[in-house]
Amino acid sequence: MTATPVPATEVPDEPEDPAVALADLAPWGPWRTGLAILRRDLFVTGREFPIFLAQVILQPLFLLFVFGKVLTELGYARPGYEQVLFPGLVALAAVLTGLQSTALPLVIEFSYSNEIEDRLLAPLPIGAVAVEKVVFAAMRACVAAAVMFPVGIWILGSIPWQASTAAAVVVMTVLGALLGAAMGLILGTFVPPNRINVTFALVLTPLIFTGSSQYPWPSLSHIRWFQVVSALNPMTYVSEGLRGLMAPGVPHIQTWICFVVAIGYLVVLMVVGMAGFIRRALG
Amino acid sequence: MDRGHDDRAGGDLVPPASGPQSGTVLDTGPADDGPPAVEVAGLVKRYPKAPKDSLAGVSFEVRRGEVFGFLGPNGAGKTTTIGILTTRIRPTRGRAKVAGVDVVADPVAARRVLGVVPQQNNLDRSLSVRQNLLFHASYHGVPRARRLRLADALLEQFGLADRPDGRPDDFSGGQIQRMMIARALMHAPAVLFLDEPSTGLDPAARLFLWEKVVELRQAGTTVVITTHDMDEAATLSDRVAIIDHGTLLALDTPAALVRGMTSDRTLDCTIDPGPGADSGSLGSALGSLEGIRHAERLDDPGWSGWRFRIYVEGEAAPFVAPVAHVITASGGRLTDVRLGEPNLEDVFIHLTGRALR
């Protein structure tokens, strides 16, 4: 029966005393508030969904096309390179979209629009506002990563894929999305607004090119210093993890190591990012 | 005291005061003898690396249902106090409660019972006016049917009903101010904090704002308002706290504050100083006239002449001629004179030794 719950929320003449009406919701307050804030973000993104899609598709689309298709067809990259590239680009889409979806809005909301104040004044812990930002950014990042699959099939003709590891691929992708969002949380709260342009240039480019998305990490053994640098980039473990799950024939870091390191990084980045957020939000 | 419980029927557009006193979140007793709206005791705030305290031990109470004015110059500690009371700034020491809820120990519960209208526009620019109100209410757990009804009522009440779907960026400063007040009222706060609400508003918008504050008070909402505008503080507030350098200097009704200022009358003189004239020696010459308590130069940047406020014993009119004489003797010219009762500004000058503006 659907008739019973409807009057409880929709009847026009619910109790007129606002304090009582709000107090009734008290035990669920912070959760409801967090979900309401998430609903706001989904509402705003949903309205601009085509723009959002264009935003997240364009860069990986060109990367796939130039590196996976053009260079291979011209003979500058060996056939089979797309096996290396595709899982790496899924990781890149997840991490980078996550990062941009937290860092940019946070800088704007804290420094220029002050929009975040209404959420900081909502009845939920300040840290929960940061968690919501990360969760929402990760959702965007997962969409961006998911979009890579049809785009990959369209451009490359086929993509490396194993049905048996599908669930693990999803988990690793979500992990990559969260990692990116947590990095964005740190950037968005620690970087002063007048430095954001410089910081993005200084952080994003090395992040993109040391994240093992365009090369398998184990094969770097004869460029030792670069291998060490790549090992420091959290994205490496997402790229390598996805590579191991989707194209096990390509050399890769063992999957369980990728999961452990990625989770470890996520915990550290979230702790640092939350501390920065709370410091920024509270005077 | 009329707490307006009966006014809560649908016809009343002003959201009535609510608070933990009648709810189950905080068991603080019946509605009419609950805790004060705001309790502050020994509040100290020192920002990191600051040489001295921004708040140096402030204590006061705001009664339920009153309009409480916080008067002080920029940097006096008003915004810091409001920041602490609204859970956005953590105090270094001291205790602060809003509607009986400790804002430091339980900021989440405090945010349910307070509403904030900040100095700067912080509306959600991605949402329409109406959506701003509705989402704010949903953050505060206001049930859907109630928030839909309340949003329409508040849009109407605040003169925004003709463009509910416009984006905040397309509205004037006065309209944005109204939107922010309407938004803050969506969760029926027990205490509404208005931080410098009339800064930057044109006179019409300011009057509209004042009307709304009066209506809120009538509906039983406690309003705490910070301002550096004497007229605003005197017109709106039931009681005024004067704060400077992080210290509370006085707290009373505007009338009592002025009464406490002795029964002096004032002469406000505008003077066109002659060449080489010295305001210090003119001030002491005026002050030495018999029957004059003291003469105070008012800071008025951007004013080419001088303004002096002269405090006299008894009636002010007989002093016009002797004062004019002294000014002429100093080489200056008296261009305007105004006889006045002491007002809040005089209280402020008396307490701090300087003018507010």
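To keep things clear, this report deals only with the structure shown in the data block. (Residues numbered from 1 in each chain as written. Chains lettered and ligands numbered in written order. Predicted model: local features only at pLDDT ≥ 70, side-chain atom pairs only at ≥ 80, totals over all residues.)

**Comments concerning the overall build of chain A**
Consideration 1: Of regular secondary structure, chain A possesses twelve helices and zero strands.
Consideration 2: Reading the secondary structure of chain A in the N-to-C direction produces α-α-α-α-α-α-α-α-α-α-α-α.
Consideration 3: In terms of overall dimensions, chain A has a C-alpha envelope of 75 × 50 × 35 Å along the principal axes.
Consideration 4: Counting the 283 residues in chain A, one finds 41% classified as buried.
Consideration 5: Looking at chain A alone, contacts between residues at least 24 apart form 81% of all its contacts between residues at least 6 apart. (Helix = DSSP H or I, 4+ residues; strand = E, 2+ residues; numbered from the N terminus. Buried ≥ 20, exposed ≤ 12 C-beta atoms within 10 Å, placed from the backbone. Contact = placed C-beta atoms within 7 Å.)

**A few points about the nonpolar core**
Consideration 1: If you look at the biggest cluster of nonpolar residues, it comprises 143 residues, and the most contacted ones within it are A:Ala94, A:Val238 and B:Val191.
Consideration 2: Top contributing element to this core by residue count: helix H5 (residues 81-113) of chain A, with 15 residues.
Consideration 3: If sequence neighbours within four positions are ignored, A:Val238 has contacts with A:Ala91, A:Ala94, A:Val95, A:Met172, A:Leu175, A:Gly176, A:Leu179 and A:Ala262.
Consideration 4: In this structure, B:Leu267, B:Ile271, B:Leu282 and B:Ile310 belong to the second largest nonpolar core, which totals 15 residues. (Core = buried A, V, L, I, M, F, W, Y, C linked by C-beta atoms within 7 Å.)

**Some thoughts on the sheet that holds strand S2 (residues 55-62) of chain B**
By definition, the strands of a sheet pair up through backbone hydrogen bonds, in either a parallel or an antiparallel sense.
All names here are of chain B.
Consideration 1: The antiparallel open sheet is built from four strands, whose spatial order is S2-S1-S4-S5. The sheet is open, and its two borders are formed by S2 and strand S5 (101-102), each paired with just one other strand.
Consideration 2: Strand direction decides the pairing type here: strand S1 (residues 38-45) and strand S4 (residues 93-98), joined by five bridges, are antiparallel. By the bridge assignment for S4, Glu39 is matched with Lys97.
Consideration 3: Strands S1, S2 and S4 of the sheet are contacted by helix H1 (residues 78-85), whose axis makes an angle of about 120° with S1. (Pairing = 2+ DSSP bridges. Axes fitted to C-alpha atoms, helices over the stretch in contact; angles between N-to-C directions.)

**What about helix H12 (residues 255-281) of chain A?**
All names here are of chain A.
Consideration 1: Between its terminal C-alpha atoms H12 stretches 38 Å, which fits the 39 Å expected from 27 residues at 1.5 Å a residue.
Consideration 2: Listed as buried for H12 are Cys258, Ala262, Tyr265, Leu269, Met270, Gly273, Met274 and Phe277.
Consideration 3: Tucked inside the fold, the buried residues of H12 contact helix H7 (126-156), helix H8 (166-190) and helix H11 (234-246). (Expected span 1.5 Å × (residues − 1).)

**What to know about the environment of B:Val62**
Residues and elements named next belong to chain B.
Consideration 1: Relative to the elements of secondary structure, Val62 occurs in strand S2.
Consideration 2: For Val62, a count of 24 C-beta atoms within 10 Å gives the class buried.
Consideration 3: In this structure, the C-alpha to C-alpha distance between Val62 and Val101, residues 39 residues apart in sequence, is 14 Å.

**Some thoughts on the sheet that holds strand S10 (residues 247-252) of chain B**
Residue and element names in this part refer to chain B.
Consideration 1: Taken together, the six strands give an open sheet; going across it, the order is S6-S7-S8-S3-S9-S10, and neighbouring strands pair in mixed fashion. The sheet terminates laterally at strand S6 (114-117) and S10, the two strands that pair on one side only. Geometrically, the sheet is characterised by an average inter-axis angle of 15° between neighbouring strands, direction not taken into account.
Consideration 2: Along the sheet, helix H5 (residues 173-185) contacts S6 and strand S7 (191-195); its crossing angle with S6, the most-contacted strand, is approximately 170°.
Consideration 3: Lying over the sheet, helix H6 (residues 203-218) contacts strand S3 (67-71), S7 and strand S8 (222-227), oriented at roughly 150° with respect to S8.

**Some words on the pairing of S7(B)**
Residue and element names in this part refer to chain B.
Consideration 1: Extensive coverage of S7 is indicated by the burial of five of its five residues.
Consideration 2: The alternating pattern of S7 places Val191, Phe193 and Asp195 and Leu192 and Leu194 on opposite faces, both of which are buried.
Consideration 3: Pairing geometry for S6 and S7, over four bridges, is parallel. Bridge assignment links Leu114 to a residue of S7, and that residue is Val191.

**With respect to the packing of helix H3 (residues 29-47) of chain A against H7(A)**
All names here are of chain A.
Consideration 1: Contact geometry of H3 with H7 gives a least axis separation of 10 Å together with a crossing angle of 40°. Note that H3 runs across H7; the crossing there is right-handed. For the pair H3 and H7, contact is made by Pro30, Gly34, Ile37, Leu38, Asp41 and Thr45 and by Ala128, Glu132, Val135, Phe136 and Arg140, respectively.
Consideration 2: Partitioned by chemical class, the residues of the contact of H3 with H7 number six nonpolar, two polar and three charged. (Left-handed = near helix turned anticlockwise from the far one by under 90°. Nonpolar A, V, L, I, M, F, W, Y, C, P; charged D, E, K, R; others polar.)

**Some remarks on the packing of helix H3 (residues 129-139) of chain B against H5(B)**
All names here are of chain B.
Consideration 1: Between H3 and H5, the shortest axis-to-axis distance is 8 Å and the interhelical angle comes to 25°. Regarding the angle of H3 to H5, the classification is roughly parallel. Between H3 and H5 lies a crossing of right-handed hand. Contacts between H3 and H5 pair Val129, Asn132, Leu133 and His136 from the former with Met179, Ala182 and Arg183 from the latter.
Consideration 2: Looking at the contact of H3 with H5 residue by residue, the classes come out as four nonpolar, two polar and one charged. (Parallel < 35°, antiparallel > 145°, perpendicular 65-115°, else oblique.)

**With respect to H5(A)**
All names here are of chain A.
Consideration 1: Counted at 1.5 Å a residue, the expected span for H5 with its 33 residues is 48 Å, and the 45 Å between its end C-alpha atoms agrees.
Consideration 2: Counted residue by residue, H5 has 24 buried out of 33 residues, so it is predominantly covered.
Consideration 3: Positive phi shows up at Asn114, right after H5, with a value of about 60°.

**Some details on unusual backbone geometry**
Residue and element names in this part refer to chain B.
Consideration 1: Its identity is not glycine, yet Lys49 carries a phi of approximately 70°, on the positive side.
Consideration 2: Mapped onto the elements of the fold, Lys49 is located in the loop between S1 and S2.
Consideration 3: On the basis of neighbour counts, which here come to 5 C-beta atoms within 10 Å, the residue Lys49 falls in the exposed class.
Consideration 4: Phi at Thr87 is positive, roughly 70°, even though this residue is not glycine.
Consideration 5: Here Thr87 lies in the loop between H1 and S4.

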